[in-house]
Amino acid sequence: MHGRVKLKSTAQQEEEKRKEREKKLKAFVSTRDAVLKKRSAGEQDEEALHLTQLLLSSNPDIATLWNYRREVLLHLETLREKDEVQKLYECELHFIEVCLKVNPKSYGCWHHRTWVNTRLPRPDWTRELGLCDRCLGLDERNFHCWDYRRTVVKESGVSVEQDLEFTERLIGSNFSNYSSWHYRSTLLPRLRPPPPPDSAPDTSPAPSASPQVHSHRVCEEQLLKEYELAHNAFFTDPNDQSAWFYYRWLLGRAEREEMISCVYISREGERVSVAFSKPVHALAVGLMLVLDGQPQRVEWRCAHPRFRHSPVWLCDLPPGSISDMSNEHNLTVHWTEKHTHRDCALYTGCAESWCRDSATDQELFRSELSVEKSSVLQAELESCNQLLELEPQNKWCLLTIILLMRALDPLGHEKETLAHFQSLKEVDPMRSSYYSDLCSKFLIENTILKMEYAEVRVFSLSNKNLTTLCHLDQLLLVTHINLSSNQLVRLPPQFAMLQCLEVLEADDNAIESLEGLYHLPKLEEVSLKNNHICKLSDLESLASCIKLARLDLRGNPVHKTANIESEISQLLPLVTALSL
Amino acid sequence: MGTQVKDVIIKPDSPNTLLLDKHADYIAAYGSKKDDYEYTLSEYLRMSGIYWGLTVMDLMGQLSRMNREEIIDFIKSCQHDCGGISASIGHDPHLLYTLSAVQILSLYDCINVIDVDKVVDYVRGLQQEDGSFAGDKWGEIDTRFSFCAVATLALLGKMDAIKMDKAVEFVLSCMNFDGGFGCRPGSESHAGQIYCCTGFLSVTGQLHQVNADLLGWWLCERQLPSGGLNGRPEKLPDVCYSWWVLASLKIIGRIHWIDKAKLRNFILACQDEETGGFADRPGDMVDPFHTLFGVAGLSLLGDEQIKPVNPVFCMPEDVLQRIGLQPDLLS
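The structure presented is a predicted model; accordingly, all values stated were derived computationally and were not measured.

Re the overall build of chain B
Broken down by element type, chain B carries 14 helices and 4 strands. The C-alpha atoms of chain B give a radius of gyration of 19 Å, which matches the 20 Å a tight globule of 331 residues would have. Considered along the principal axes of its C-alpha atoms, chain B spans approximately 55 × 45 × 35 Å. Within chain B, the proportion of its 331 residues that are buried is 67%. Long-range pairs, those at least 24 residues apart, make up 68% of the contacts in chain B between residues at least 6 apart in sequence. Taken as a whole, chain B presents about 11300 Å² of accessible surface, with 49% of it coming from carbon and sulfur. Here chain B holds 28 positive side-chain charges and 44 negative ones, and the gap between their average locations is 1 Å.

Given below as structure tokens:
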């Protein structure tokens, strides 16, 4: 029951209403009973159509009555000539239209109409298209009608081109029509797909067969037109979200290529870690490991048992296979499902080795941002900046500017980006946590980029108001991490992907949970001063980090626990330097 | 052509405390007025109505006030030869009501009063070549029914009865440019549908396929200045959408992206102080549907007077723990 305002009424009005309802109820119950009786007696005749019509015309949601009608219609079909059948179903279409006027959002009505069209000897798709136009004229957001229209369009041979014009007309008459923008997003990739990648003819699946239809992109020429359409909309009404959502999609691009992004091998522990460009299930994707030409039987495991799918998978090599420093080894990991692999050589005298993509910002983080020529993006940025001058409080514009800056030069624009995030939190405080998390994500991306350029294995991001951690799969090789003086509340299970981590500093946060400090084989030193670790049980996962020797827990509520020192030394016997 | 934000204004004298006792009385009385006009006209969805009423009573710790035996007998009489369950006697079986019935029997811990194997056969029989599910034998396809199918099977512990890869593939084919989901491939994103699809992906262990940051943004943009959430852009706020958006955000680990205090105020303002129960918006007529989603929403927001609710099944967590079901949530 939606949108029925509760009215105050007098006792007399109440009484009148009660009487009227009683009358209606009686009529309803007697007709319903008559219908049920007829149906159980197996009667399939005109009277059944008449009685169900009486009920459905005021209550079109009663699915069972539509079912009964279909049974009757199917029966009558067998008794009549083709022309009569045509008439029978045309009457039915007329009746459905009456019901749609009562409730234009009735699932049952729209489904029945689809069904009737499959039974009509000569369906009239032009008339159906007309019905959709009228219905969308009354409510341009009626998704039932949009869905029905799609089936009509398919049957009636309306071209994608014509359909695109249709959305343009609707958007032109009202920019605030999210349904039309949505529909455009489904049409464009069909009409103007980007040119196929030249190198790999076998990697572009047929659009209809792929579950990732949504990620199919649009060619550049069309994109420019779309940018303009969106501009027109948000310059006309900068507070209408529809065009902004659409614009953010336009700025996006296809998913990252599926590949093994990194293989890491360590003599100590004789361990292999493999990172993928997306979360996978190692057992399901057919992962094969070959050491010096010999396929190995290994057991793959996730970095943390919470995950079934993960971008990082680990395994132990058979004991003794790579422990001798004087031997050189060649390792290959095959991702059989994707026909791809990655080699990694471990040279004499080396304790560890890795092989990965020399990551660039494009490859790493722009998967949600554009590959368009930077001159185009630069022009887009300028026009959004113009709009911001007119509308300095406009959150949509601020967010879009941030996204454009990231697409152009994430490091060069870092300072301005942070300032815009600050403004966003002020103009849209309801979503400040969203902006904080997004800002954290961008800062982490920037820090990873800087680390890559400097070719170091140290990740330092302190005093930046970080509220969340992400991209931890990119930190597989990091040995030292400094996250102090942020607003983190947890080290999430994904933290267990930092397989090379030796030193962790995370002082002065609000960390309550250390779930992610789990089986980190090289972790020696952890500093967690001034956090919110309360219970001894919060430290349990640390027991799985077998090299942990130094632990600083000063300024945490846990120190109030009775006998805490002896409890910790029992839980973590290898920790030699404990500060409480 | 400036668009005005569609929203409601919460009056200063709107309820701002939770009136649990009144809500329990409202639900307890609702089912006893069997010759009531509203009650009779809602017969075609009775099974879901009972699920809404019982679940909200259980969340409020008042399940014992409902007539267990009568309800169980009613459910038994609604199972058909095909195995499917109908909304009421005289109505046809459908996945929607099959799920509701299985949810009710799970609350009551007596799933075996119906023929469980036949329910499983019924659900399996409705899966189509492309992995989608029809709601019943008349063939309407909708991602809602994909959710009904896997939620029913999960509660029965029979997830292996259907072609799971195909089922997942179909739901993913309904993902849109904004990260949301619609009824069928190409359909516009809608919060109710997003709830069904994220719930489906949770039950089937496939949440990593969701673009959580993009979808989370769309979902948190459903919050309006009144604090209430709408189901699509440029629509009015509604208590039931508050649940669907909130539960979806919880499932994808982004519930902190909305302003919880403002949403709580909105939900509380939708209570009727006289009759008990929640309406879609402040000042409208109450019903059991919005009463469940109001209370369940407050539970997800952390209200400690209410039992913790599971965001995927919209059932009390203790019931799911008893069954041993722990659907995935993103962190």
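Description of the side chain of Thr400 of chain A
Residue and element names in this part refer to chain A. As for its position among the elements, Thr400 is in helix α15 (residues 395–408). Residue Thr400 is classed as buried on the basis of its relative accessible area, which comes to 6%. Once residues lying within four places of it in the same chain are set aside, the contact partners of Thr400 are Trp244, Tyr247, Leu251 and Cys384.

Here's the deal with the packing of aromatic side chains
Think of a pair of aromatic rings as described by two things: how far the centres are apart, and how the planes are tilted against each other in angle. Going through the model one piece at a time under the given rule, you end up with 33 aromatic pairs over all chains. Between the aromatic rings of Tyr434 of chain A and Trp257 of chain B, the centroid separation amounts to 4.6 Å while the plane-to-plane angle is 70°, which identifies the pairing as edge-to-face. Of this pair, Tyr434 of chain A sits in helix α17 (residues 432–454) while Trp257 of chain B sits in the loop between α11 (239–251) and α12 (260–269), which puts the two residues in different chains. Both rings, one in Phe147 of chain B and one in Tyr195 of chain B, keep their centres 5.7 Å apart while their planes meet at 55°; by these two values the pair is tilted. A residue pair is termed long-range when its members are at least 10 positions apart, and Phe147 of chain B in helix α7 (residues 143–156) and Tyr195 of chain B in helix α9 (residues 191–203) qualify at 48 residues. Looking at Phe147 of chain B, the relative accessible area reads 6%, which means it is buried.

Let's talk about the pairing of strand β3 (residues 287–291) of chain A
All names here are of chain A. Most of β3 sits inside the fold, with 4 of its 5 residues counted as buried. One ladder, built from 5 bridges, connects β3 with strand β7 (residues 329–335); its direction is antiparallel. Looking at β7, one finds that Val290 is bridged to Thr332. Sheet topology places β3 next to strand β4 (residues 294–296); 3 bridges connect them, and they run antiparallel. Paired with Leu289 across the bridge in β4 is Gln296.

Considerations on unusual backbone geometry
Residue and element names in this part refer to chain A. In this structure, His471 takes a positive phi of about 60° despite not being glycine. Its place among the elements puts His471 in the loop between β10 (458–460) and β11 (480–482). Despite not being glycine, Asp508 shows a phi value in the positive range, around 55°. Note that Asp508 resides in the loop between β12 (503–505) and β13 (525–527).

Remarks on the environment of Ile85 of chain B
Residue and element names in this part refer to chain B. With respect to the helices, strands and loops of the structure, Ile85 is situated in the loop between α4 (68–78) and α5 (95–107). Take Ile85: its relative accessible area is 0%, and that puts it in the buried class. Along the backbone, Ile85 and Ser64 are 21 residues apart, and their C-alpha atoms lie at a distance of 24 Å.

Describing the pattern of salt bridges
Between side chains of opposite charge, pairing is possible as soon as their charged atoms come close. Counted according to the given criterion, the structure contains 58 salt bridges over all chains. Of the charged contacts in the structure, one is a salt bridge between Glu38 of chain B and Arg21 of chain A, with a shortest N-O distance of 2.9 Å. Separated into two different chains, Glu38 of chain B in helix α2 (residues 37–41) and Arg21 of chain A in helix α1 (residues 11–40) make up a pair that spans both. Its salt-bridge partner being Arg141 of chain A, residue Glu188 of chain B comes within 3.0 Å of it at the nearest N-O pair. Pair noted here: Glu188 of chain B is in the loop between α8 (164–172) and α9 and Arg141 of chain A is in the loop between α6 (125–138) and α7 (143–156), and the two residues belong to different chains. Judged by relative accessible area, Glu188 of chain B falls into the buried class, the value being 6%. For Arg141 of chain A, a relative accessible area of 5% translates into the label buried. Taken together, the salt bridges that share partners define one network made up of Lys38, Glu43, Asp45 and Glu47 of chain A.

What to know about the domain arrangement of chain A
Looking at the assigned domains, one finds that chain A contains domain 1 (17–169), domain 2 (170–189 + 217–251), domain 3 (256–355), domain 4 (360–441) and domain 5 (455–579). Placing a centre on the C-alpha atoms of domain 1 of chain A and another on those of domain 3 of chain A gives a separation of 59 Å.

Points about the packing of helix α11 (residues 241–250) of chain A against α15 of chain A
All names here are of chain A. Contact geometry of α11 with α15 gives a least axis separation of 11 Å together with a crossing angle of 10°. Judged by the angle between their axes, α11 and α15 are roughly parallel. Between α11 and α15, the contacting residues are Gln241, Trp244, Phe245, Tyr247 and Arg248 on the first element and Trp396, Cys397, Leu399, Thr400, Leu403 and Leu404 on the second. Tallied by class, residues from the contact of α11 with α15 come to 8 nonpolar, 2 polar and 1 charged.

Quick word on the interface of chain B and chain A
Across the boundary between the two partners, chain B contributes 76 residues, which contact 72 residues of chain A. Roughly 6600 Å² of surface becomes buried between chain B and chain A when both sides are summed, with 53% attributable to carbon and sulfur atoms. On the chain B side of the interface with chain A, the three residues burying the most area are Trp138, Phe177 and Trp217 of chain B, jointly 14% of the side's total. If you look at where chain B meets chain A, you find 10 salt bridges. Taking the shortest distance from any N to any O, the salt bridge between Asp147 of chain A and Arg184 of chain B comes out at 3.7 Å. Our count for the chain B to chain A interface comes out at 34 residue pairs in polar contact (both at pLDDT 80 or more). Listed by contribution, the elements that provide at least two residues to the side of chain B that touches chain A are α2, α8, α10 (212–220), β2 (286–287) and α13 (288–300) of chain B. Here the residues of the side of chain B that touches chain A are counted per class, giving 23 nonpolar, 23 polar and 30 charged.

How each quantity is defined
- Residues numbered from 1 in each chain as written.
- Chains lettered and ligands numbered in written order.
- Predicted model: local features only at pLDDT ≥ 70, side-chain atom pairs only at ≥ 80, totals over all residues.
- Heavy atoms only, no water.
- Helix = DSSP H or I, 4+ residues; strand = E, 2+ residues; numbered from the N terminus.
- Rg over C-alpha atoms; globule rule 2.2 N^0.38 Å.
- Buried < 20%, exposed > 50% of the residue type's maximum accessible area, 1.4 Å probe, protein only.
- Contact = heavy atoms within 4.5 Å.
- Areas by Shrake-Rupley, 256 points an atom, 1.4 Å probe, with all protein chains shown as cover.
- Lys, Arg positive; Asp, Glu negative; His and termini not counted.
- Charge placed at Lys NZ, Arg CZ, Asp CG, Glu CD.
- Phe/Tyr/Trp six-rings, centres within 6.5 Å; stacked < 30°, edge-to-face > 60°.
- Pairing = 2+ DSSP bridges.
- Salt bridge = Lys/Arg side-chain N within 4 Å of Asp/Glu carboxyl O.
- Domains from an automatic or database assignment.
- Axes fitted to C-alpha atoms, helices over the stretch in contact; angles between N-to-C directions.
- Parallel < 35°, antiparallel > 145°, perpendicular 65-115°, else oblique.
- Nonpolar A, V, L, I, M, F, W, Y, C, P; charged D, E, K, R; others polar.
- Buried area = accessible area lost by both parts, 1.4 Å probe.
- Polar contact = N/O pair within 3.5 Å; in protein donor to acceptor, adjacent residues only side chain to side chain.

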